[in-house]
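Descriptive analysis of the structure
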Amino acid sequence: MLLLVYIFNFVDRQVLAILAAPIQAELKLSDGQMGLLGGVAFALLYSTFAVPLAFLADRTSRSWVITVSLVLWSGFTAVCGFAQGFWHIFLARLGVGIGEAGGVAPSYALIGDYFPSNRRAFALSIYSLGIPIGSATGVIAGGYIASTVDWRIAFFVVGIAGVLIAPLFKFVVRDRPKPAPSGPAVTASPFMDTVRILARKPAFWFLAFGAASSSMLGYGIAFWLPSLLQRSFGLSLLETSLFYGSVLLLGGVVGVLAGGWLGDRVGSRDRAYFGYIPALAFVLGVPFFAAGIMTDSVPLAFALFLLPQALAYIWLGPVLSAVQHLVEPPFRATASALFLLINNLIGLGGGIYALGAFSDWLVPFYGDSALRYSMLYSLALYGLAALLMALAGPHLRRNWVEEA
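None of the values given here were measured: they were computed from a predicted structure.

Applying the stated criterion across every chain, the model contains 23 aromatic pairs. When the ring of F243 is compared with that of F302, the centres are 5.4 Å apart and the planes differ by 80 degrees; the resulting orientation is edge-to-face. Placement of the pair is F243 in helix α12 (residues 237–267) and F302 in helix α14 (residues 298–313), with a sequence separation of 59 residues. A relative accessible area of 24% places F302 in the partly exposed class. Aromatic side chains Y366 and Y373 sit 4.0 Å apart centroid to centroid with 10 degrees between the ring planes, which places their arrangement in the stacked category. When its relative accessible area of 30% is taken as the criterion, Y366 is described as partly exposed. Among the aromatic residues, those joined into a ring-pair cluster are F358, W361, F365, Y366, Y373 and Y377. Over the face of the ring belonging to F171 we find R174, whose NZ or CZ atom lies 5.8 Å from the ring centre. Against the face of Y114 rests R176, its NZ or CZ located 5.0 Å from the ring centre.

And the structure:
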């Protein structure tokens, strides 16, 4: 059920990307404005509200916080279908962000409660399958509905579906009793004590900013690649949705599961590999992404995008598991929310807008190929992410909180 809700989480995010072209055409929006809708409008409140909602989940009921959040973000997704201009859809996306803020961090914590340390990375990777499956579903379903009916109907369908599964989720998912902390020093840890614990751990900062750097590019590519496929490859909306949806599904599922499996298998021997595995994946992915972006062949582009799409998702299982082990069990949702605050505010909030604005800036130099070169130059972000993840490795050996 956590996976199903996470799928809806990413359906509601990604559906905007595949609908960008018809929305831009009807509402007369620039790439920069679409970047704001996909990034800042969503990430601003999604990132900031995640922290107090996670703190509330740690103190009350994680399953109830997720349930209410699901209803909110699904409802606001449906509201996007009524938009008549930029500010209408911008405000609706703010609402989607507020709702989704309460979904992810409490889910990480619930999984941490249900699964032991040596199985947690793979369990979190199963949950993280919601990213490629939800993104692919949003792209394919949104593209099909928009091309056969209307882009507004796509928002209505996915929004109402999310509201309908909320009662089922609450019926199935139960909170587990929160285990007592292993040490007396943190038995009554309030929010600011959790912040201070993480602030003293370099591993947290390297992981958070490494993830944020990779997410700037990852979210940027996820949002803008459908537009690139239509502008530079000449694909129709439906062809684009099938192309990119297949890349997300095939590459993403393999990458997420591989990362979780490697994290549990290799990281159990040396905690540093929870940082080293993502670092290597980012380095290996750059040349394949570059080749896929620059080719003019649709079949070759599909093959070239598959491998780096898998490599781009490998970090999820190891890094999310590592963050769970930087604090005592009762404070996992708060720790996860603080990690997501940095990751999403910079990665999601900045990446989509930055690639769109950069594309606008490059138009005088590259014309219709501006978006292609914006994505190409932005691959430097994966190099920065790899460096930060590698630096996190040695610190994880010292900052890890072992469970009793």
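Along an α-helix, residues three or four apart share an orientation, since each turn contains 3.6 residues. For helix α1 (residues 2–18), built from 17 residues, the straight-helix expectation of 24 Å at 1.5 Å per residue is met to within 8% by its first-to-last C-alpha distance of 25 Å. Of all the bends in α1, the greatest measures close to 25 degrees and is centred on D12. Counted residue by residue, α1 has 15 buried out of 17 residues, so it is predominantly covered.

Thresholds, definitions, all that
Residues numbered from 1 in each chain as written. Predicted model: local features only at pLDDT ≥ 70, side-chain atom pairs only at ≥ 80, totals over all residues. Heavy atoms only, no water. Phe/Tyr/Trp six-rings, centres within 6.5 Å; stacked < 30°, edge-to-face > 60°. Helix = DSSP H or I, 4+ residues; strand = E, 2+ residues; numbered from the N terminus. Buried < 20%, exposed > 50% of the residue type's maximum accessible area, 1.4 Å probe, protein only. Lys NZ or Arg CZ within 6 Å of the ring centre and 35° of its normal. Expected span 1.5 Å × (residues − 1). Bend = angle between axes of the 7 residues up to and from the residue.

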